[in-house]
Amino acid sequence: MQDEDWGPFGKALFEDPSAQALGRVGVIDVGSNSVRMVVFDGAARSPAYFYNEKVMAGLGAGLSQSGRLNPEGRIRAMDAMKRFVLLAQSMNVSPLVAVATAAMREAEDGPAFREELTQETGLRLWVIDGAEEARLSAQGVLLGWPGATGLVCDIGGSSLELAELSEGQVGKRETSALGPLKLRDVPGGKKGLKAHIRSELDTLRARIDGSYDRLFLVGGSWRAIARLDMIRREYPLAVLHEYRMSPRAVSETIAMIQNTTPEALRAMSGIGEARMSLLPEAAQVLGPLIRTFRPKEIAVSAYGIREGLLYEQMPQKLRNRDPLIEACRYMEAQSSRIPGFGRGLYEFLKPLFSSEKASGRRLIKAACLLHDISWRAHPDYRAEVCFDTATRANLGGLSHSERIFLGLALLHRYKNSRSGSRFEHFFELLPEKDQKKAEVLGKAMRFGAMLAAQDPSKMGRLKLYPKKKVLELRMPVETRDLFGEVAQARFKSLAAALEAEPRVLI
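Since the model is a prediction, treat every value here as computed from it, not as a measurement. (Residues numbered from 1 in each chain as written. Predicted model: local features only at pLDDT ≥ 70, side-chain atom pairs only at ≥ 80, totals over all residues. Heavy atoms only, no water.)

Draft legend 1. Just the overall build of the protein, in detail. Within the protein one finds 24 helices and 14 strands. In terms of overall dimensions, the protein is globule-like: its C-alpha atoms have a radius of gyration of 25 Å, near the 23 Å expected for 506 residues. Projecting the C-alpha coordinates of the protein onto the three principal axes gives extents of approximately 85 × 45 × 40 Å. At a minimum sequence separation of 6, the contacts of the protein that also span at least 24 residues come to 70%. Within the structure as shown, the protein displays about 21,800 Å² of accessible surface, and the carbon and sulfur contribution to it stands at 48%. The average position of the 72 basic charges and that of the 61 acidic charges among the side chains of the protein differ by 4 Å. (Helix = DSSP H or I, 4+ residues; strand = E, 2+ residues; numbered from the N terminus. Rg over C-alpha atoms; globule rule 2.2 N^0.38 Å. Contact = heavy atoms within 4.5 Å. Areas by Shrake-Rupley, 256 points an atom, 1.4 Å probe, with all protein chains shown as cover. Lys, Arg positive; Asp, Glu negative; His and termini not counted. Charge placed at Lys NZ, Arg CZ, Asp CG, Glu CD.)

So this is what it looks like as structure tokens:
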């Protein structure tokens, strides 16, 4: 089937020269509120963050009134950029791309700042308009959600960008002055601000008139609100990327923000003072935004304009690959004892999951690729390290429930029982039937890893007869001695997880 073609077992794209050219890419994002440099490294389709530094410079503070960049913010931003350029040189980063958004394109002294930056550092700062900012943010979402459909909503310090996504393609794009720093300068008090936000959203709605089941939230202020939503719900997994919220949940969290002091919110969340100061305005936009577009679900994207710039430089064949599988291939190549063994392991246990859909097979493939990457950990902690790796690693194309499934399967790779695990509170995010499937997968990997050190052809063949409730293992005569005492015990454990009778044929 077609979905098998892009699987982990074709040539790994990170070994291709076009991908190696993207091995270390630096992006500087000069926003109205923050200035950040990110250096991406590793498997380009699902990038690792080699370096990430942010300065909350506040370039756009007071821009609506003065028409100029904030003087203190300008100094802080210039100092940060000088540092970033030197750091990039020391890391051998090439290319280093720098883009600026709303504050820089609106400020009358923006051209002078850019000229000074080029003179001081040699770096050229590209100023992009709102439509281009929306496009790049949408591409960042596509980096983590290939084939995504919905409406991307990217909030910055001075603007809000919207972009349609339809089956992985960027459609209509719009921009507005709904950033928190701009909203502070709206006259008329609370009533005037509410009317201004309503008017801006009505204009956006008239220009982007589609129906969207999902909103993708991009931007630090949205992520801060999502963090508070996690805390309010006592959500167990503190990973913001692909975190999902219902419209009702967002409304309840906005109410909590409005009824709680900033000091108390900071104490419970650890959100910085500069970011927290923007939350009241951001929350005032988010509520009406949801009521305007009426999505069924709100999803948080940790990927945005910086990741969109990386996506921009990728060849199409790299964009088309699955980010989860590419990342797992890279992790296997870097950290496993026997790189490449994951392929043989997958082929060995695939008969146990013959009815699995493509979405399930990719998780099984990912687990096989990751099954051995924690071998250096102390044996008593390998199960925990595996679970942490799957649930907390920077992996794209993976929902929270899929993270838990992958982590639980890897936990069972090293541990028979999940009972009493310190991760038990995570398991509630996964339906019971999927917990059982993860156990079967983990025990299948635990058994399969016993049957060959280098040559997967010696592993024999598994076959499951669901109606007869029989699990059959066929071993070649010449390798039957691999089926030793420990392997026998693990085979019986696998059969028990399948509620089947174990049967061995030599």
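Draft legend 2. The packing of aromatic side chains, seen in detail. By the definition in use, this model includes twelve aromatic pairs. One aromatic cluster is present, formed by F348, F447, F483 and F491 through successive ring pairs. Taking NZ or CZ as reference, R413 lies 4.3 Å from the ring centre of Y414, over its face. Above the ring of Y465, the side-chain terminus of K468 is found at 5.5 Å from the ring centroid. (Phe/Tyr/Trp six-rings, centres within 6.5 Å; stacked < 30°, edge-to-face > 60°. Lys NZ or Arg CZ within 6 Å of the ring centre and 35° of its normal.)

Draft legend 3. Representation of empty space enclosed by the protein. Within the structure shown, the criterion is met by one cavity of 30 Å³ or more. In this structure, the largest cavity encloses a volume near 370 Å³. Around the largest cavity, the lining is made up of 30 residues, and of these D29, S34, I155, G156 and R306 lie nearest the centre. Where the lining of the largest cavity is concerned, the elements lending two or more residues are α7 (130-144), β6 (150-155), α10 (220-233) and α15 (305-313). For the lining of the largest cavity, the residue count by class is seven nonpolar, 14 polar and nine charged. (1 Å grid on protein atoms, 1.4 Å probe; cavity = no way out; pocket = protein on both sides within 12 Å on 5 of 7 lines; lining within 4 Å. Points joined across faces, edges and corners; volume = space filled by probe spheres on them. Nonpolar A, V, L, I, M, F, W, Y, C, P; charged D, E, K, R; others polar.)

Draft legend 4. The arrangement of a positive patch on the surface in detail. A cluster of basic side chains, namely R461, K463, K468 and R503, defines a positive patch on the protein surface. Inspection of the secondary structure puts R461 in strand β12 (residues 461-465). (Patch = residues over 30% accessible without salt bridge, like charges linked within 9 Å, V, L, I, M, F, W, Y side chains within 5 Å. Salt bridge = Lys/Arg side-chain N within 4 Å of Asp/Glu carboxyl O.)

Draft legend 5. Looking closely at the sheet that holds strand β7 (residues 160-166). Taken in spatial order, the six strands of this open sheet run β8-β7-β6-β9-β11-β10, and their pairing is mixed. At either end of the open sheet lies a strand with only one pairing partner, and these are β8 (169-176) and β10 (244-245). Contacting β6, β7, β9 (214-218), β10 and β11 (297-300), α10 crosses the sheet at an angle of about 105 degrees to β6. (Pairing = 2+ DSSP bridges. Axes fitted to C-alpha atoms, helices over the stretch in contact; angles between N-to-C directions.)

Draft legend 6. Structural detail: helix α4 (residues 71-90). When the terminal C-alpha atoms of α4 are compared, their 29 Å separation across 20 residues agrees well with the 28 Å that a helix rising 1.5 Å per residue should span. Taken together, the buried positions of α4 are occupied by G73, R74, A77, M78, A80, M81, F84, V85, L87 and A88. Next to the buried residues of α4 lie β1 (24-30), β2 (35-41), β3 (48-55), β4 (96-100), α6 (110-121) and β5 (125-127). The N-cap residue of α4 is N70: its side-chain oxygen and the backbone nitrogen of E72 are 3.1 Å apart. Positive backbone phi, at 55 degrees, marks N92, one or two positions downstream of α4. (Expected span 1.5 Å × (residues − 1). Buried < 20%, exposed > 50% of the residue type's maximum accessible area, 1.4 Å probe, protein only. Polar contact = N/O pair within 3.5 Å; in protein donor to acceptor, adjacent residues only side chain to side chain.)

Draft legend 7. Local environment of the layout of surface pockets. Of the voids in this model, the largest pocket is the one considered here, and its volume is about 450 Å³. Mapped onto the lining of the largest pocket, the elements with two or more residues apiece are α9 (189-207), α11 (247-258) and α14 (279-293).

Draft legend 8. Inspection of the side chain of R223 at higher detail. Here R223 shows up in helix α10. At 7.0 Å, D154 is the nearest oppositely charged side chain to R223, a buried residue that forms no salt bridge. In contact with R223, not counting residues within four places along its chain, are L240, V300, S301, A302 and R306.

Draft legend 9. Examining the pattern of salt bridges more closely. Scanning the model with the defined rule gives 39 salt bridges in all. A salt bridge links R232 to E252, with the shortest nitrogen-to-oxygen separation between them at 3.0 Å. Taken as a pair, R232 in helix α10 and E252 in helix α11 lie far apart in primary sequence, 20 residues in all. On the accessibility criterion, E252 (35% relative accessible area) is partly exposed. The shortest N-O distance in the salt bridge between R266 and E273 comes to 4.0 Å. By relative accessible area, R266 is classed as partly exposed at 35%. Members of the salt-bridge network, linked through shared partners, are R68, R74, E108, D109 and E116.

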